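# Breakdown of the fold
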Amino acid sequence: MVLPVFLAFTITIILSHPTSSTALSLQRHRSPVVNGTPFARKWKPIYSRPTSLCSTPLGDAVDVGNFISNTGGDSIADGDGIPAQINGGTSGDNFAKVQSSQSPPRSTFFPLVLWRFTRPHTLIGSALAIPSIFLLAAPTYRSFFTLRTFAALSYAVIPSLLMNIYITGLNQITDVEIDKINKPDLPMANGDLKYSTATGVVLASLIISLAMSVIHPTLSTSGLQVALWGSFLLGTLYSLPPIRMKKHPFLAAFCIVAVRGIIVNAGFYSHALSSAFGSAAIPSAGVLNCLLHDRKCALSSFFFGVFGIVIALMKDVPDVDGDRIFNIRSYTVRLGQKRVFSTMKNLLTLLFGVFGGGLMRWSIMTPTMGPVAVRRGLVGLGCWAAGWTVNRDAREVNPEDSGEVYNYYMYLW
């Protein structure tokens, strides 16, 4: 219990240091400007994500990405507060009203603000993934529906969701200025959630999550510890200075792939075998042993590792404007939106196609055409159907439209 508290205290010191969190991109209360004019946001009525516009000295609204590419980024400077003039003469107060009227309505009721702060799509994904992993690890369906399994599953889900809040919350705390351009609807970027409140939520989630990984004599298994502590370590290194892996595209992708692929799948699979189903199925229920000797664990980790690559790179496609401004050299910034979007779409289609084909072949080769063979065949057909829809829906997406790409990214989740 002492170690989680100490780690939370250390993170608090780093976040409060003026040369770390307050200067991660620019100053926390400073706005990026182009040629003396701030970046404004203009909402498109169809999509949930905005298209960023800025003003040139002539007062003409231009696309941020095109403007920066044409100027080479040399004219970017940081300015204090909210400038007095935007888009050829709009005062700061009037602009705030215009921006508010263009933004979709949002609730400032604290529980709803906190819900948006948790990044619900990641929270829901984790809440569904862990029971699925338990079901995969279960030797029989009957063994899944027991009180012992329910206790082990609950003890895994609760700290996992808290760790998810810590990782996504820490990223928002350290990316406030970037999110004002890329994701202005987030509660910290639009001012709905105070810095101190967000920090308190994040640190409390971290302490409880790590404490649960070590305090229970039987349910705090080595698999649970690997899943939670591994996620904590990489999630912290991803967002927090001085390492801040997200500034380096390979390291950023590695963090997401490792957590969403190997650490979460293998860790909770090992936890399921140790705490819910015993370890009779394999000689040892350790994480490494599961990866090396359990085919279901290895294949699921590989599948979601590749899927993690898609998520890691696809999420940067709609964020190219802010990443370019704040010198986050993502693959999208380096290679372009069209190339990254097309490559990730093809990779995901290939992933579904290969796994679908493998499951269909596995079904056909089953000695007796029983329920197991039928289930494998149905899952294989499901993979093919998923690959087809991924490819079909991508045809209607303009990779250079942040709103369309963001909606497609959420569809993948």
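Look up: the structure comes first, before these words.
Reading guide: rules and limits
- Residues numbered from 1 in each chain as written.
- Predicted model: local features only at pLDDT ≥ 70, side-chain atom pairs only at ≥ 80, totals over all residues.
- Heavy atoms only, no water.
- Helix = DSSP H or I, 4+ residues; strand = E, 2+ residues; numbered from the N terminus.
- Buried < 20%, exposed > 50% of the residue type's maximum accessible area, 1.4 Å probe, protein only.
- Contact = heavy atoms within 4.5 Å.
- Areas by Shrake-Rupley, 256 points an atom, 1.4 Å probe, with all protein chains shown as cover.
- Patch = residues over 30% accessible without salt bridge, like charges linked within 9 Å, V, L, I, M, F, W, Y side chains within 5 Å.
- Salt bridge = Lys/Arg side-chain N within 4 Å of Asp/Glu carboxyl O.
- Disulfide = S-S within 2.5 Å.
- Expected span 1.5 Å × (residues − 1).
- Bend = angle between axes of the 7 residues up to and from the residue.
- Phe/Tyr/Trp six-rings, centres within 6.5 Å; stacked < 30°, edge-to-face > 60°.
- Lys NZ or Arg CZ within 6 Å of the ring centre and 35° of its normal.
- Arc of directions from axis to C-beta.
- Axes fitted to C-alpha atoms, helices over the stretch in contact; angles between N-to-C directions.
- Parallel < 35°, antiparallel > 145°, perpendicular 65-115°, else oblique.
- Left-handed = near helix turned anticlockwise from the far one by under 90°.
- Nonpolar A, V, L, I, M, F, W, Y, C, P; charged D, E, K, R; others polar.

### Comments concerning the overall build of the chain
Looking only at helices and strands, one finds 18 helices and 5 strands in the chain. In the chain, which comprises 413 residues, the proportion classed as buried is 51%. The long-range fraction of contacts in the chain, counting pairs at least 24 apart against all pairs at least 6 apart in sequence, stands at 70%. Taken as a whole, the chain presents about 19600 Å² of accessible surface, with 65% of it coming from carbon and sulfur.

### Re a nonpolar patch on the surface
On the surface, Val374, Leu378, Leu381 and Trp384 cluster together into a nonpolar patch covering about 390 Å² of accessible area. Tracing the chain through its elements places Trp384 in helix α17 (residues 371-394). Trp384 gets classed as partly exposed once you look at its relative accessible area, which sits at 41%.

### A word on the state of the cysteines
What the rule picks out here adds up to 0 disulfides. Of the cysteine sulfurs around Cys290, a residue in no disulfide, the closest is that of Cys297, at 5.0 Å.

### Some points on the pattern of salt bridges
One pass over the full model with this rule turns up 7 salt bridges. Across the salt bridge formed by Lys180 and Glu177, the nearest N and O atoms sit 3.3 Å from each other. Of this pair, Lys180 and Glu177 are both found in helix α8 (residues 176-182), 3 residues apart, which corresponds to roughly one turn of the helix. A salt bridge links Lys315 to Asp316; the shortest N-O distance between them is 3.0 Å.

### Notes on helix α11 (residues 249-275)
The end-to-end C-alpha distance of α11 is 37 Å, a good match for the 39 Å that 27 residues give at a rise of 1.5 Å each. When the local axis directions of α11 are compared, the greatest deviation, roughly 40°, occurs at Ala258. By the criterion of burial, α11 is predominantly enclosed, with 21 of the 27 residues buried.

### Some words on the packing of aromatic side chains
All chains considered together, the criterion is met by 11 aromatic pairs. Ring geometry for Phe144 against Phe145: centres 5.0 Å apart, planes inclined by 90°, an arrangement best described as edge-to-face. A ring pair is formed by Phe341 and Tyr408, whose centres lie 5.3 Å apart and whose planes are at 55°; its orientation type is tilted. Within this pair, whereas Phe341 is found in helix α16 (residues 337-364), its partner Tyr408 is found in helix α18 (residues 402-412), the two being separated by 67 residues in sequence. Of the two residues, Phe341 and Tyr408, both sit in the buried class. Clustering of aromatic rings is evident, with ring pairs tying together Phe302, Phe303, Phe304, Phe307, Phe352 and Phe355. A cation over an aromatic ring shows up here: Arg376 above the ring of Trp362, its NZ or CZ 3.9 Å from the ring centre.

### Points about helix α4 (residues 110-117)
Considered for burial, the residues of α4 that qualify are Val113, Arg116 and Phe117. Taken down its axis, α4 places every buried residue within 105° of arc, on the same side. Phi turns positive one or two residues past the end of α4, at Arg119, with a value near 55°.

### Considering the environment of Val201
Within the fold, Val201 resides in helix α9 (residues 195-215). For the pair Val201 and Thr118, spaced 83 residues apart in sequence, the C-alpha to C-alpha distance is 9.8 Å. Setting aside its immediate chain neighbours within four residues, Val201 contacts Leu114, Phe117 and Ile165.

### Regarding the side chain of Ser209
Note on placement: Ser209 falls in helix α9. Aside from chain neighbours lying at most four places away, what touches Ser209 is Pro159, Leu162, Met163 and Leu228.

### Quick word on the packing of α11 against helix α13 (residues 295-314)
It is the contact of α11 with α13, at a shortest axis distance of 8 Å, that shows an interaxial angle of 155°. By the angle between their axes, α11 is roughly antiparallel relative to α13. Crossing geometry of α11 relative to α13 is assigned as right-handed. Contacts from Ala253, Ile256, Val257, Arg260, Gly261, Ile262, Asn265, Ala266 and Tyr269 in α11 reach Lys296, Cys297, Ser300, Ser301, Phe304, Gly305, Gly308, Ile309, Ala312 and Leu313 in α13. A per-class count over the contact of α11 with α13 returns 11 nonpolar, 6 polar and 2 charged.

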